[in-house]
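One letter stands for each residue in the lines below.
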Amino acid sequence: MKTVLVVVAHGDDMEFMCAGTVYRWVKEYNFPAYELILTDNRKGTYTLKESEIIGKSKEEAIEAGKVLGLKEVRFGNFIDGELEDIPKKHIRNIVIDMIREVKANIVLSWDPFAAGEDHPDHRVTAMATYEAISFSSNPNFGTPGLYPPHFVSEAYWFAKKPENAFTFVDITESIDKKIEALLKHETQMELTFDSLKLEAETLGIDLSGLANVDRDTRNQIIANAVKDYTAEKGKVPGYKHAEQFRYEKFGMIEMVLGQEIIKPEFPPINV
Ligand SMILES: [Zn+2]
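Summarised in this report is the structure supplied together with it.

Criteria and cut-off values
Residues numbered from 1 in each chain as written. Predicted model: local features only at pLDDT ≥ 70, side-chain atom pairs only at ≥ 80, totals over all residues. Heavy atoms only, no water. Helix = DSSP H or I, 4+ residues; strand = E, 2+ residues; numbered from the N terminus. Rg over C-alpha atoms; globule rule 2.2 N^0.38 Å. Buried < 20%, exposed > 50% of the residue type's maximum accessible area, 1.4 Å probe, protein only. Contact = heavy atoms within 4.5 Å. Areas by Shrake-Rupley, 256 points an atom, 1.4 Å probe, with all protein chains shown as cover. Lys, Arg positive; Asp, Glu negative; His and termini not counted. Charge placed at Lys NZ, Arg CZ, Asp CG, Glu CD. Donors = N, O, S within 2.8 Å, 3.2 Å for Na, K, Ca; no water. Pairing = 2+ DSSP bridges. Axes fitted to C-alpha atoms, helices over the stretch in contact; angles between N-to-C directions. Parallel < 35°, antiparallel > 145°, perpendicular 65-115°, else oblique. 1 Å grid on protein atoms, 1.4 Å probe; cavity = no way out; pocket = protein on both sides within 12 Å on 5 of 7 lines; lining within 4 Å. Points joined across faces, edges and corners; volume = space filled by probe spheres on them. Polar contact = N/O pair within 3.5 Å; in protein donor to acceptor, adjacent residues only side chain to side chain. Left-handed = near helix turned anticlockwise from the far one by under 90°. Nonpolar A, V, L, I, M, F, W, Y, C, P; charged D, E, K, R; others polar.

Quick look at the overall build of the chain now. Per the secondary structure count, the chain includes 10 helices and 7 strands. For the chain, whose C-alpha radius of gyration is 19 Å, the value lies close to the compact-globule estimate of 18 Å for 271 residues. Here the chain, with 271 residues, has 51% of them falling under the buried criterion. The contacts in the chain between residues at least 6 apart in sequence include a share of 82% that link residues at least 24 apart. Split by element, the accessible area of the chain, about 13000 Å² in all, is 53% carbon and sulfur. Taking the 32 positively charged and 44 negatively charged side chains of the chain as two groups, their mean positions are separated by 4 Å.

So this is what it looks like as structure tokens:
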């Protein structure tokens, strides 16, 4: 039995990047899974007031968590887009404390070493999580005395432009749950469409057909785009739909004992 913790910056990061995999762990392996969303998502809208988006976004994340069977969705409540203004040690300690509290064995997050990550919140989340994994086993890091030190054995790192990422998880059976969870993020789906429209307008592309699409049509378009993306990922290992990760194992016990103790549920595929 392993415990899973997903650490992300924004409400919909998990659903876009790794929800199919997380759902498999919950559904097939019965692993308890938790999500930590560090920011309040307040910049994720073209139309809503700050006071509206923050509350809505939280509700959506909780609903998405229910779809995936998560034990808890927790919020860091930092200002969206401004994580880099927070001392990294502070964020790292929050992640360390949660790792210890839930006794996480597997952590998923943005890849701290992937190139081409334009969002500062993703970069900060990635590095703080990477450091938190390394130091959650040291009692002198984190909030002293709050929880006993805890060792994290595995990480699955995701990225917009994955490099050295040779672990492909077959999500053919969980793609529908991934999309169902993603579409719970109503405000973020609106944002996705609003930015698409702006892009088209700026480039002089006629998107008038999409100007007044209803919610169901919009969701169908997004669902199709996500399915195209996961199908593309699946071509490498030969799965119908896949999510892609850089898998990392921590610790040195295997080196000391000379044998493999920790085995990934989804072994890397060399490509
Ligand atoms: Zn994000």
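Alright, that's what it looks like, and here's the rest.
Before going further, it helps to examine the coordination of the zinc ion. Protein coordination at the zinc ion: the donors are His10 (ND1), Asp13 (OD) and His122 (NE2), at 2.0 to 2.1 Å from the metal. Positions of the donor residues of the zinc ion along the chain correspond to the pattern H-x2-D-x108-H. Taken together, the residues Asp13 in helix α1 (residues 13-17) and His122 in helix α5 (residues 120-135) connect sequence positions 109 residues apart. Given a relative accessible area of 4%, His122 falls into the buried group.

Spatially, 7 strands are ordered β3-β2-β1-β4-β5-β7-β6 in an open sheet, and the strand pairing comes out mixed. The sheet is open, and its two borders are formed by β3 (72-78) and β6 (167-170), each paired with just one other strand. Taking each pair of neighbouring strands and ignoring which way they run, the sheet shows an average axis angle of 25°. Strand direction decides the pairing type here: strand β2 (residues 33-39) and β3, joined by 5 bridges, are parallel. By the bridge assignment for β3, Glu35 is matched with Val73. In the packing of helix α4 (residues 88-102) onto the sheet, contacts are made with β1 (4-8), β2, β3 and β4 (106-110), and the angle to β2 comes to roughly 165°.

A few words now on the packing of helix α7 (residues 186-203) against helix α9 (residues 215-234). Remark: α7 packs on α9, axes separated minimally by 11 Å, with the N-to-C direction vectors making an angle of 75°. Taken together, the axis directions place α7 and α9 in an arrangement best described as roughly perpendicular. Contacts between α7 and α9 pair Glu186, Met189, Glu190 and Phe193 from the former with Arg215, Arg218, Asn219, Ile221 and Ile222 from the latter.

Tallied over the full model, the rule gives 3 cavities of 30 Å³ or more. By volume, the largest cavity is sized at about 90 Å³. Looking at the largest cavity, the residues that line it are Phe16, Met17, Phe158, Ala159, Pro162, Lys178, Tyr229, Thr230, Lys233, Ala242, Glu243 and Gln244. Secondary-structure elements contributing two or more residues to the lining of the largest cavity are α1, α9 and β7 (242-249).

To continue, consider the side chain of Asn219. With respect to the helices and strands, the residue Asn219 is situated in helix α9. Polar side-chain contacts of Asn219 include one of 3.0 Å to the side chain of Arg218. Once residues lying within four places of it in the same chain are set aside, the contact partners of Asn219 are Leu183 and Met189.

Roughly 950 Å³ of volume is contained in the largest pocket. Every residue lining the largest pocket is counted, 28 residues in all, and those nearest its centre are Asp12, Phe16, Lys160, Leu191 and Thr192. Contributions of two or more residues to the lining of the largest pocket are made by α1, α7 and α9.

This part is about the packing of helix α6 (residues 175-183) against α9. At a closest axis distance of 11 Å, the pairing of α6 and α9 adopts a crossing angle of 135°. Accordingly, the angle class assigned to the pair α6 and α9 is oblique. Crossing handedness for the pair α6 and α9: right-handed. Only Asn219, Ile222, Ala223, Val226, Lys227 and Thr230 of α9 make contact with α6, whose side of the interface consists of Ile175, Asp176, Lys178, Ile179, Leu182 and Leu183. Taken together, the residues of the contact of α6 with α9 break down into 7 nonpolar, 2 polar and 3 charged.

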